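# Observations on the model geometry
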Amino acid sequence: MNHPRWHLVVLAITLFVLRVVGNPVSVGLTSPLHPHHRDTCPPPPPRNTGLERVIYNEDAFVLSNDFVVTNTPTTRTYHWRLSWATGAPDGFYRKMMVVNGLFPGPLIEANQGDTIIIHVKNDLDQGAGIHFHGINQIGSLWADGVPGVTQCPIPSGGSFTYEFTIQEQSGTFFWHSHMGNTMADGLTGPLIVHSPADPYIPGKDFDYERVMMVSDWVHQTSDEIIADTFARPANESLPDVAPASFLINGAGVYNCTKAPKNAQCEKRSPPEIHVLPNKKYRFRMISHSSEAHFKISVDNHPLQIIQCDDTPVVGPSGIHRVPIANGERYDFVIDTSNGKDGDAFWIRAPFCSQNAGPGFPAPDGLAILRYVKEGSIPGHNQPTTSDWSVPPLTEGNSCPDLTSNDFVPVQKIDAPKTVQSSWILNSALGSLLNANKVPVFAFFLNNVTFQDYIYNPMLLQLRKGLTLNNSAVAHTVFPQSSGADIVINNKDATIDHPFHLHGKPFFIVARGSGALTADQYAALPPTFFNTTNPLRRDTLVVTRKSYAILRILTDEPGVFALHCHMGWHLAHGKLSAVVVQPDAIPRLALPDEAAHLCDSCNFPPGATLNTTAPG
Ligand SMILES: [Cu+2]
């Protein structure tokens, strides 16, 4: 997997830090390490190791009109079993990680105010953690699902229950594994939160709702890929991973003639979305991609964007292409009055800048939007429609978000006019030594590549009154409840990074080219910042050689991951942490079951508080 961009990037490296992977530095504990009494531990719980077949999960993306949207909260309880299984989303059979045998994973659909209880049984042969992307976790930070940040992994064979109440928010979310990049093995699914206060009303603004999950797809397990990229010398390629195919709602097409000889591979037709003619459909689009960013379009169908992540917006009409990066969500409405029963249209998903691997059906990821009248049998004809002739909404081979100024949040909330704290986060590719002492690329934030001490999570350290180790994780501390700015400088010359902040959406108050030093930032006049109802979201692409200023309210104590949502970048160190009101963190709720995950008896053999893992 040679990468033609690498030599450009080498030129652009302003930082070259040598560090030894897998040989962690001290985590700065003031208390002695727990002795590891495996002899006295109870036997580990039994694990069902049967390898199953993956079941294609249509229920994940058809939202029923029978779902009752209400202000009356309820409790929704789910039972999930994580396991390995064999599946072929694009026709190529591989080992996958799935929930209840399903891919995409089970839909969580709820109302604002509901309490979600998920009983997880981990039948994988490794630890696990499930994150609910975009959910604030107010009062339940222990349920944020990030091993090394808010919890210890759910041990192989073990069980754990996530419980949280969805407060103050509704919109389009998703859940995914946050352990290494095992999301790329299949552990993901939609999480949709309704509210009677949603300004976009079923029956008026749209007739039906569909989930549209989009992603790249690979044929190796994430563990194999991470091991491979950590073994790849920095003078050969970036730790980027060329996708084998594009998936829409968990289905795609791979060219089996490019598959290795011993592989099992079936030719698939492009995935289809069936719609009734003369209706309006609200699509809730979610990118669970690990590498590729896309530009999504539907031939002959302009897109009316009505929501960015969990913020309902008024957007420009007649958008032809929506750029969507990893972890972002866009809701858009399309009108199916552009044809008649039997008509078919291409849904196109070209990559923005990443290279596709061999077997990828170039040039686009494709799917079919097919008009099917009630009671009629869907045809099999391939669309003959043409792509929009307008230029793509991109600059060069980059895929910036639609400008924040393109979208006006429907619910007007101004950002704080002034801030008491700020943090400059410099983001740049660098290099370190792998276990074989070979220089390999890694990602750095403020000169630190994240060392994930998965058995000594930051939340538990902070609860003990400890401070985080500067050499293990780039972080800042916002001591009081106030307004605060995070200035993200993406110093990479050829890579755009989608940054995701856990905990709360941020206000995008400024963006620009180049980078801002602390002095330059401090000299900015108040009028520089757009504080009048700016776009709020939880994931934002900071394009190459540019900066973005995220303004937040630090009114909820906790430790919040701020990281690149390209899973392979995350696995190579691109995670930082925002610590808010550390004095209040010891008082945050921590159920016994969550604390017990960090009992040494729950660690795998040989693991200690000093064990690290990718991302
Ligand atoms: Cu990245």
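To be clear, the structure that these remarks concern was listed above.
Rules of the game
- Residues numbered from 1 in each chain as written.
- Predicted model: local features only at pLDDT ≥ 70, side-chain atom pairs only at ≥ 80, totals over all residues.
- Heavy atoms only, no water.
- Salt bridge = Lys/Arg side-chain N within 4 Å of Asp/Glu carboxyl O.
- Buried < 20%, exposed > 50% of the residue type's maximum accessible area, 1.4 Å probe, protein only.
- Helix = DSSP H or I, 4+ residues; strand = E, 2+ residues; numbered from the N terminus.
- Polar contact = N/O pair within 3.5 Å; in protein donor to acceptor, adjacent residues only side chain to side chain.
- Phe/Tyr/Trp six-rings, centres within 6.5 Å; stacked < 30°, edge-to-face > 60°.
- Lys NZ or Arg CZ within 6 Å of the ring centre and 35° of its normal.

On to the pattern of salt bridges. Scanning all chains against the criterion turns up 25 salt bridges. Of the charged contacts in the structure, one is a salt bridge between Asp-123 and Lys-121, with a shortest N-O distance of 2.4 Å. We classify Asp-123 as buried; its relative accessible area is 3%. We classify Lys-121 as partly exposed; its relative accessible area is 25%. For Arg-544, the salt bridge is made with Asp-496, and the minimal N-O distance between the two is 2.9 Å. With Arg-544 in the loop between strand 33 (539–542) and strand 34 (546–553) and Asp-496 in the loop between strand 29 (483–490) and strand 30 (497–501), this pair connects stretches of sequence that are 48 residues apart. The burial state of Arg-544 is the same as that of Asp-496; both residues are buried. Here the salt bridges do not stand alone but share partners, grouping Asp-198, Glu-209, Arg-282, Arg-284 and Asp-331 into one network.

Bringing the side chain of Asn-469 into the picture now. On the secondary structure map, Asn-469 appears in the loop between helix 3 (458–463) and strand 28 (474–478). A relative accessible area of 17% places Asn-469 in the buried class. Looking at Asn-469, its side chain comes within polar contact range of the main-chain nitrogen of Ser-471, at 2.8 Å.

Take the packing of aromatic side chains next. Within the structure shown, the criterion is met by 18 aromatic pairs. Ring geometry for Phe-103 and Trp-217: centres 5.3 Å apart, planes at 40 degrees, overall tilted. Within this pair, whereas Phe-103 is found in strand 6 (residues 102–103), its partner Trp-217 is found in strand 13 (residues 208–217), the two being separated by 114 residues in sequence. Both residues of the pair, Phe-103 and Trp-217, count as buried. Joined through ring pairs, the aromatic side chains of Phe-132, Trp-142, Phe-160, Tyr-162 and Phe-164 make up one cluster. Its guanidinium or amino end placed over the ring of Trp-84, Lys-95 lies 4.1 Å from that ring's centre, counting from NZ or CZ.

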